[in-house]
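Here are the chains, one letter per residue:
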Amino acid sequence: MPRSFLSYIAQRAVQCVLVILIGITITFFIPRLSPTDPVETAVNQAVMVGQFSHPDAVREMKEALIRLYGLDGTLLQQYVRFWKGLLAGDLGPSLSSFPKPVMTLIRGSLPWTAGLLLTTAVISWTLGNLLGSLAGYYKNQRWASIVGIIAMALHPIPYYIMAFVLVVLLAYVVPIFPIGGAIDIGLKPAFSLVYLSSLLRHAILPSLSLLLVGVGGWFLGMRTLVTNVIAEDYVTYAKYAGVRDRVIMYQYVMRNALLPQITGLAMQLGLIFNGALITEYVFSYPGLGYLAYNAIFAGDYSLIMGVAVFSIVGVSIAVLLIDLAYPLFDPRVKYQ
Amino acid sequence: MRSRMRVISDLYRHDPRCRFALSVIFIVVIFALLSLVSPYDPGSSYYAPPSLPPSREHPFGTNSRGQDIFWLMTFAVRNSLTFGILTAFLSRIIAIFVGLTSGYKGGIVDRIMMVINDSFVVLPVLPILILINFIMRGQMGLMELAMIMALFGWAWDARLIRSQVLSLKEREFTFTSVFSGTNTARILLSEHLPFVTPIVLSTTINNLLWAIGMEVTLAVLGLSNIGIPTIGTTIYWANQHQALISGVWWWLAAPVAISVLLFIALYLLVVGLGTYLDPRTRIQRMKGALSDERA
């Protein structure tokens, strides 16, 4: 294997480790540097509800929470313990569904988020780039400019607003799709037509809202890239040399314009992930975003911490995978 | 200053997208300024009959808390805009510093800075912001939130600024300043900064968009200070009172419509600015202007 390829992989892997390191360190310090103490907040909440009134009971609860949140000992001890727990896949128990471990809850919601994110990211990236290159290549066509205007109007809208407008229009005003959830209530997971169709029907609106924003962005980026690439000398040369239009389009123009878009996908994955989280909340889709929302509602600090930590690790690894796939598209990394 | 006015008038004349964008932004800013002459205090409620549909007296209707939505929205838009501008301004300080130094210094400094930079680009910010806001819930004003957001919103723009500086530092005038003994800070601030101003401007608008959108997101999750009227908290209160189920749709329509318009306008301005600054289209435009003069 050539040296440059190996050094490329090593470089990407180091970057991935660093993202995780920085992200986790930030989440570690947030509750410790913040002027409000999560333990104090939880205790006050419990006292207000009237669960604990005896001073001894309050003190005991406080100590238990400090241990539970890993806030005892010096900062360094805490930091080491934090990492040890993480590496063992242990994020502590959730407070709102005690004693269920946070990890179990996350594992339950992960497939939904991963499914939603993966399908919409792949579809919107492919569709956006395909349409974008066609629109850039045939930029004087009428349809190209119409699609361009639509993309420009859809792309800047925040995920929340888009999801919200869709749920109002297509689930409330014109009730074609279910208002929320992932499957019909009471339906057991099975490989049956009823189950799959219910699954699909519930997934359409959340996916659509992610797609509308996503396709627009990739479309606009790709269109600009393609218009720049077709001005290159080698494209003009290929035209004069009588290379077929279709071959120029797919093998000369698109292949080259696609490379920055792959890097773009890796760079924007964090943003897309944010979008998926907030979309899940709007549609009560039972993924990580909905889990986080319920955790906010229940005041479950350890669960929110768990979702944050897990998101950082998950997104960084996904980015690494995209980076590792990059040499498949760009032979220069391999043979330089 | 005159040249800046010239840019705006150029943008307005040559680009229909910018004409739309600038008009919408102008109207939205006027709308926000109306809050200064509002007859009602945004904190008070039940001064008007609740849940009235839009009418001449209440152009956007009133909400279930007996507030006039038109005047409430003037405050909301003003706060959201101020918040966005504040965040964009603060994160610019970091982005400009990192971009200029990293690009100019090169070598190991550049490499370390860019590795950190790329980490911040990739990091999923929303879960982290949820964690911060959850812990400090209700204790943060818009100023504090803007400061925290600024810490997460600079990375992408720093990279763009750096790439410009990389080419600037190979230019003749940089060598001249170095050889005549100008110190680094001065070269960066008085020689290079003016060149990157256009890109700083367009990234600022982008950042403004991001910040306002993020505020809406955090507010609907109930994580921002829900006592301050913003576009996000207006939606939050409407959802809390189940505006749609009780049929008070105008409570939600106002913030959603205004934010969609504002977002599209700001985005089109970024696009228009990009086209305007792109040397290729610039040459075309200059040719056009020349032929205009000849004709």
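Relevant structure appears above.
Predicted model, so just to flag it, every value in this text is computed and none were measured. (Residues numbered from 1 in each chain as written. Chains lettered and ligands numbered in written order. Predicted model: local features only at pLDDT ≥ 70, side-chain atom pairs only at ≥ 80, totals over all residues. Heavy atoms only, no water.)

1. What about the interface of chain A and chain B?
For interface size, the figure often reported is the accessible area lost on association.
Part 1: Every contact between the two is made by 48 residues of chain A and, on the other side, 47 residues of chain B.
Part 2: Buried area between chain A and chain B, summed over both chains or domains, comes out near 4200 Å², and the portion from carbon and sulfur atoms is 80%.
Part 3: Three residues stand out in chain A for area buried against chain B, namely Met152, Met267 and Ile296 of chain A, and they jointly supply 15% of the buried area on that side.
Part 4: On the surface where chain A and chain B come into contact, there are six residue pairs in polar contact (both at pLDDT 80 or more).
Part 5: In the side of chain A that touches chain B, the residues fall into 36 nonpolar, 11 polar and one charged. (Contact = heavy atoms within 4.5 Å. Buried area = accessible area lost by both parts, 1.4 Å probe. Polar contact = N/O pair within 3.5 Å; in protein donor to acceptor, adjacent residues only side chain to side chain. Nonpolar A, V, L, I, M, F, W, Y, C, P; charged D, E, K, R; others polar.)

2. What to know about the packing of helix 7 (residues 159-173) of chain A against helix 8 (residues 193-229) of chain A
All names here are of chain A.
Part 1: Helix 8 packs onto helix 7 with a crossing angle of 135° between their chain directions and a minimal axis gap of 9 Å. The angle between helix 7 and helix 8 places the two elements in the oblique class. In this structure, helix 7 crosses over helix 8, and the sense of that crossing is right-handed. Of helix 8, the residues touching helix 7 (which contributes Tyr159, Met162, Ala163, Leu166, Val167, Leu170 and Ala171) are Leu205, Leu208, Ser209, Leu210, Leu212 and Val213.
Part 2: Here the contact of helix 7 with helix 8 is composed, by residue class, of 12 nonpolar, one polar and no charged. (Axes fitted to C-alpha atoms, helices over the stretch in contact; angles between N-to-C directions. Helix = DSSP H or I, 4+ residues; strand = E, 2+ residues; numbered from the N terminus. Parallel < 35°, antiparallel > 145°, perpendicular 65-115°, else oblique. Left-handed = near helix turned anticlockwise from the far one by under 90°.)

3. Some thoughts on unusual backbone geometry
One can expect most non-glycine residues to show negative phi and most peptide bonds to be in trans.
Part 1: Despite not being glycine, Ser284 of chain A has its phi angle at roughly 45°, a positive value.
Part 2: Within the secondary structure, Ser284 of chain A is located in the loop between helix 10 (245-282) and helix 11 (288-298).
Part 3: Looking at Ser284 of chain A, the relative accessible area reads 28%, which means it is partly exposed.
Part 4: Not every positive phi belongs to a glycine, and Tyr46 of chain B is a case in point at roughly 60°.
Part 5: Judged by its relative accessible area of 56%, Tyr46 of chain B is exposed. (Buried < 20%, exposed > 50% of the residue type's maximum accessible area, 1.4 Å probe, protein only.)

4. With respect to a nonpolar patch on the surface
All names here are of chain B.
Part 1: A contiguous nonpolar surface patch, about 710 Å² in accessible area, is contributed by Phe26, Ile27, Val29, Ile30, Leu33, Leu36 and Val37.
Part 2: Residue position: Val29 is located in helix 2 (residues 16-33).
Part 3: Taking relative accessible area as the criterion, Val29 reaches 37% and is therefore assigned partly exposed. (Patch = residues over 30% accessible without salt bridge, like charges linked within 9 Å, V, L, I, M, F, W, Y side chains within 5 Å. Areas by Shrake-Rupley, 256 points an atom, 1.4 Å probe, with all protein chains shown as cover. Salt bridge = Lys/Arg side-chain N within 4 Å of Asp/Glu carboxyl O.)

5. So, the packing of helix 7 (residues 155-168) of chain B against helix 9 (residues 184-220) of chain B
Residues and elements named next belong to chain B.
Part 1: Between helix 7 and helix 9, whose axes approach to 10 Å, the crossing angle comes to 160°. By the criterion of interaxial angle, the relationship of helix 7 to helix 9 is roughly antiparallel. Crossing hand, helix 7 versus helix 9: right-handed. Residues Asp157, Leu160, Ile161, Gln164, Val165 and Leu168 of helix 7 form the contact with helix 9, whose participating residues are His192, Phe195, Val196, Ile199, Val200, Thr203 and Asn207.
Part 2: In terms of residue class, the contact of helix 7 with helix 9 is made up of eight nonpolar, four polar and one charged.

6. Things to note about the pattern of salt bridges
Pairing is possible between side chains of opposite charge, provided their charged atoms come close.
Part 1: Applying the stated rule across the entire model yields four salt bridges over all chains.
Part 2: Among the salt bridges present, the one from Asp323 of chain A reaches Arg12 of chain A, with a minimum N-O distance of 3.3 Å. A residue pair is termed long-range when its members are at least 10 positions apart, and Asp323 of chain A in helix 12 (residues 301-329) and Arg12 of chain A in helix 1 (residues 3-33) qualify at 311 residues.
Part 3: Taking relative accessible area as the criterion, Asp323 of chain A reaches 10% and is therefore assigned buried.
Part 4: A relative accessible area of 18% means that Arg12 of chain A is categorised as buried.
Part 5: Asp118 of chain B is paired through a salt bridge with Arg159 of chain B; the nearest N and O atoms lie 2.8 Å apart. Here the residue Asp118 of chain B occupies a position in helix 4 (residues 107-122), and Arg159 of chain B occupies one in helix 7, the gap between them amounting to 41 residues.

7. Observations regarding helix 2 of chain B
Residues and elements named next belong to chain B.
Part 1: The terminal C-alpha atoms of helix 2 lie 26 Å apart, and with 18 residues this matches the ideal 26 Å at 1.5 Å per residue to within 8%.
Part 2: Buried residues of helix 2: Cys18, Ala21, Val24, Ile25, Val28, Phe31 and Ala32, and no others. Looking straight down helix 2, one finds that the buried residues subtend no more than 155° of arc, so they occupy a single side. With respect to the buried face of helix 2, the exposed residues turned more than 90 degrees away are Pro16, Phe26 and Ile27. (Expected span 1.5 Å × (residues − 1). Arc of directions from axis to C-beta.)

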